[in-house]
Amino acid sequence: MINILITGGAGFVGSNLAEKLSENDHYNVTIVDNLSTGSKDKIPHRCNFIKCDVNNYNDISQIMLKYKFDYVFHYAAIVGVKRTQESPISVFEDIKGFDNIMMLS
């Protein structure tokens, strides 16, 4: 069994990728999302879901170490021009999330 993590998997791109990957019986797909812009309704039924913010090192490190993923698709980020303009500091926090994923992969 191949373990796959998709961060931001409750968003548009992540959920579509999860849907496609979960069609393969050899893949165990786990979605991590803080649901700040995503929706649980988009998560395919065949996927595991863990509510988590990848920008929080302690939370994401526990998940990464527990499941030992073979592949990671990182799509967790603040999305949209309006949200970015309203909260530019959040964009910098997303860089921390990217760093967390890279350090733990």
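Everything below is about the structure printed above this text.
Notes on the structure in this doc start here.

Rules of the game
Residues numbered from 1 in each chain as written. Predicted model: local features only at pLDDT ≥ 70, side-chain atom pairs only at ≥ 80, totals over all residues. Heavy atoms only, no water. Disulfide = S-S within 2.5 Å. Buried < 20%, exposed > 50% of the residue type's maximum accessible area, 1.4 Å probe, protein only. Core = buried A, V, L, I, M, F, W, Y, C linked by side-chain atoms within 4.5 Å. Helix = DSSP H or I, 4+ residues; strand = E, 2+ residues; numbered from the N terminus. Contact = heavy atoms within 4.5 Å. Patch = residues over 30% accessible without salt bridge, like charges linked within 9 Å, V, L, I, M, F, W, Y side chains within 5 Å. Areas by Shrake-Rupley, 256 points an atom, 1.4 Å probe, with all protein chains shown as cover. Salt bridge = Lys/Arg side-chain N within 4 Å of Asp/Glu carboxyl O. Pairing = 2+ DSSP bridges. Axes fitted to C-alpha atoms, helices over the stretch in contact; angles between N-to-C directions. Expected span 1.5 Å × (residues − 1). Arc of directions from axis to C-beta.

Following the criterion strictly, the structure yields zero disulfides and no others. With no disulfide of its own, Cys47 has Cys52 as its nearest cysteine by sulfur position, at a separation of 16 Å. With a relative accessible area of 10%, Cys47 lands in the buried category.

Formed by Leu5, Val32, Ile50, Cys52, Val54, Ile60, Ile63, Met64, Phe69, Ile101 and Leu104, the largest nonpolar core amounts to eleven residues. Mapped by element, the contributors of at least two residues to this core are α2 (57-67) and α4 (88-104). Per-element tally for this core: the top contributor is α2, with three residues. Setting aside anything within four residues of it in sequence, one finds Ile60 in contact with Val32, Cys52, Val54, Asn100, Ile101 and Leu104. In terms of nonpolar packing, the next biggest core, distinct from the first, is built from nine residues, Ala10, Ala18, Val29 and Ile43 among them.

A word on a nonpolar patch on the surface. Together, Phe12, Val13 and Tyr75 make up a nonpolar patch on the protein surface, roughly 330 Å² of accessible area in all. Using a relative accessible area of 38% as the deciding quantity, one classes Tyr75 as partly exposed.

Let's shift gears to the sheet that holds strand β1 (residues 2-7). The four strands lie next to each other as β3-β2-β1-β4, forming an open sheet whose pairing is parallel. The sheet is open, and its two borders are formed by β3 (48-51) and β4 (71-74), each paired with just one other strand. Each neighbouring strand pair of the sheet contributes to a mean axis angle of 20 degrees, computed without reference to strand direction. Here helix α1 (residues 12-21) sits on the sheet in contact with β1, β2 (27-33) and β4, set at roughly 165 degrees to β1.

It is worth spelling out α4 at this point. Count 3.6 residues to each turn of an α-helix, and residues three or four apart come out pointing the same way. For α4, built from 17 residues, the straight-helix expectation of 24 Å at 1.5 Å per residue is met to within 8% by its first-to-last C-alpha distance of 26 Å. Listing the buried residues of α4 in full gives Ser90, Asp94, Gly97, Asn100, Ile101 and Leu104. The arc that holds every buried residue of α4, seen down its axis, measures 110 degrees, which confines them to one face. For α4, the exposed residues set more than 90 degrees away from the buried face come down to Ile89, Phe92, Ile95 and Met103. Structurally, α4 contributes buried residues whose contacts are with β1, α2 and β4.

Let's shift gears to α1. Those residues of α1 lying buried are Gly14, Ser15, Ala18 and Leu21. Seen from one end, α1 has its buried residues packed into an arc of 130 degrees, which puts them on one side. Set apart from the buried face of α1 by more than 90 degrees, the exposed residues are Phe12 and Lys20. Those residues of α1 that are buried lie in contact with β1, β2 and β4.

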